[in-house]
Amino acid sequence: MRIYVHNAKVVLENGILWNGVILIKGDRIEAVGKETDVPCPADARALDAKGAYVGPGFVDIHVHGYCGTTLFNEPLKVANHFLSHGTTTILVSPHYKLTGPEYIEAYERVRRAMAEPTGRSIAGVYMEGPYINPKFGSGAKDNQWKDTIRKEDYESVVDAAGDLVRLWVIAPEREGLLPFVEYARSKNPSVRFAVGHSEATPDEVRRYKPYGLSILTHCMDATGQTNTWRGTRGCGPDEACFLDRDMYAELICDSAGAHVSPQLCRLILQNKGLERVILITDGSAGNYKAPERFRHLTDLSINEEGELSGSRLTMAQACRNLMTHTNCGIAQAFLLAARNPAEAIGLGHEVGTIAPGKKANLVLVDDAFNVQGVMLEGDMVPRQGE
Ligand SMILES: [Zn+2]
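Worth saying up front: this structure is predicted, and the values here are computed from it rather than measured.

The rules we used
Residues numbered from 1 in each chain as written. Predicted model: local features only at pLDDT ≥ 70, side-chain atom pairs only at ≥ 80, totals over all residues. Helix = DSSP H or I, 4+ residues; strand = E, 2+ residues; numbered from the N terminus. Rg over C-alpha atoms; globule rule 2.2 N^0.38 Å. Contact = placed C-beta atoms within 7 Å. Domains from an automatic or database assignment. Nonpolar A, V, L, I, M, F, W, Y, C, P; charged D, E, K, R; others polar. Axes fitted to C-alpha atoms, helices over the stretch in contact; angles between N-to-C directions. Parallel < 35°, antiparallel > 145°, perpendicular 65-115°, else oblique. Left-handed = near helix turned anticlockwise from the far one by under 90°. Buried ≥ 20, exposed ≤ 12 C-beta atoms within 10 Å, placed from the backbone. Pairing = 2+ DSSP bridges. Core = buried A, V, L, I, M, F, W, Y, C linked by C-beta atoms within 7 Å.

Details of the overall build of the protein chain
And step 1. Each helix and strand in the protein chain was counted, giving nine helices and 20 strands.
And step 2. The C-alpha atoms of the protein chain give a radius of gyration of 21 Å, which matches the 21 Å a tight globule of 386 residues would have.
And step 3. Once the C-alpha set of the protein chain is aligned to its principal axes, its extents read approximately 65 × 45 × 40 Å.
And step 4. Here the analysis covers contacts within the protein chain between residues at least 6 apart in sequence; of these, 70% occur between residues at least 24 apart.

With respect to the domain arrangement of the protein chain
And step 1. Taken domain by domain, the protein chain comprises domain 1 (2-53 + 368-380) and domain 2 (57-352).
And step 2. In this structure, domain 1 and domain 2 have C-alpha centres spaced 31 Å apart.
And step 3. Listed by partner, the interface residues are eleven residues for domain 1 and 15 residues for domain 2.
And step 4. Elements represented by at least two residues in the side of domain 1 that touches domain 2 include exactly β2 (15-25) and β19 (371-376).
And step 5. If you tally residues by element for the side of domain 1 that touches domain 2, the top one is β19, at three residues.
And step 6. Here the residues of the side of domain 1 that touches domain 2 sort into eight nonpolar, one polar and two charged.

A word on the packing of helix α3 (residues 151-161) against helix α4 (residues 178-187)
And step 1. The interhelical angle for the contact between α3 and α4, taken along N-to-C directions, is 25°, at an axis separation of 10 Å. The angle between α3 and α4 falls in the class roughly parallel. In this structure, α3 meets α4 at a crossing whose hand is right-handed. The residues of α4 that touch α3, namely those facing K151, Y154, V158 and D159, are P179, F180, Y183, A184 and K187.
And step 2. Looking at the contact of α3 with α4, its residues break down into six nonpolar, no polar and three charged.

Structural notes on the environment of Y211
And step 1. With respect to the element layout, Y211 can be found in the loop between α5 (202-206) and β13 (213-216).
And step 2. On the basis of neighbour count, Y211 is assigned to the partly exposed category, with 16 C-beta atoms found within 10 Å.
And step 3. Sequence-wise, Y211 and G231 are 20 residues apart; in three dimensions their C-alpha atoms are separated by 34 Å.
And step 4. With sequence-adjacent residues up to four places away left out, Y211 is seen in contact with V181, R185 and F193.

A few points about the pairing of β13
And step 1. Taken together, the three bridges between strand β12 (residues 192-195) and β13 define a ladder with parallel strand orientation. Of the residues in β13, the one forming a bridge with A194 is I215.
And step 2. Across two bridges, β13 lies against strand β14 (residues 248-252) in parallel orientation. Within β14, the position partnered with L216 by the bridge is A249.

What about the packing of helix α1 (residues 75-84) against helix α2 (residues 100-115)?
And step 1. One way to put it is that α1 packs onto α2 with a least axis distance of 9 Å and a crossing angle of 55°. The pairing of α1 with α2 is recorded here as oblique in orientation. Seen from α1, the contacting residues are P75, L76 and A79; seen from α2, they are R109, V110 and A113.
And step 2. Looking at the contact of α1 with α2 residue by residue, the classes come out as five nonpolar, no polar and one charged.

Some details on the sheet that holds β12
And step 1. Pairing is parallel across the open sheet formed by eight strands, whose spatial order is β6-β9-β10-β11-β12-β13-β14-β15. Both outer strands of the open sheet, β6 (58-63) and β15 (277-280), are each paired with one neighbouring strand and no more. In this sheet, adjacent strand axes meet at a mean angle of 30° when their direction is disregarded.
And step 2. Sitting on the sheet, helix α8 (residues 315-325) is in contact with β6, β9 (87-92) and β15, with an inclination near 130° to β15.

Looking at the nonpolar core
And step 1. Counting 117 residues, the largest nonpolar core has I22, V54, L251 and L279 as its most contacted members.
And step 2. Here this core gets eight residues from one element, more than from any other, and that element is helix α9 (residues 330-344).
And step 3. Summarising the domain contributions, this core has at least three residues from each of domain 1 (2-53 + 368-380) and domain 2 (57-352).

What follows is the structure, given as structure tokens:
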């Protein structure tokens, strides 16, 4: 059975194809082109996009949960919530407060969810930790991993991770970190690393590049810098990312610019370009009442202390905010929300753009990024309430 998506503004990597069509066979894209060049085959079912923009399904590599539900406790529930909002590839981020056995349990839950027909959007785990710097918003009080790094603590967690974990977030300034990184690489040579919740200097960050460090976790959030002279500004992970052209910067783009101000969003984009910025939701389970000044904002997540703790964003909302805070348009937003994250985690050959041979993961949006429809591997996803 083939599907012929027509009457669409197809968002390609290099621009928009007006009056475009996408031909889908099974779970893959078979052809893309203008309506005049790719006629509807006799055996295909026509799907009218009604003039919507049809872009690649969003790829969100950094999500913890939403509204009281964590992704590692209830992976299917949370993944399906985000799927209905256009995220067709999602990585599960367990909380950095977990113990070793809890991480291992979480991996098992995620593996079971991935085996379900409705769990196909889950592409693995994004480990925000365990060896990050408790000084920077990673639970100084109850973080189990803040003391000496010892093989007997991490060995079973790395072993159980197998190739499920696509990425570990590290704070390169942590003493004794290198053997952990080497061990994780030896168990999964394709695993990658990100620097985050850290105050590492650019030199300390650079040291891990040969081991696959290629991403900065939520740029301009939960990072510090060490002053070298009194009254001067030091360099930290954000500067390390700016200095290294290859490194990706994750960006939480909320409506108020609470995580990253509009000016900083523009600075990040100016520096990293359209090739190296990744939109993330950092979707979080925090479900507490926001302080007065944030009460009107629905895309922030607040923890029990009344502090900002991730977001309630969807990727579509993040794209809309990006267009508000910067001069990006729809086609650019899709690069940051689908292509770049897919490439950053090694899935660029499968997802992230609309091209023949790739998975038929699509999201239909109007010009204000309201999601009109979602397709996962050739199947339309049932719509849910907001
Ligand atoms: Zn974080």
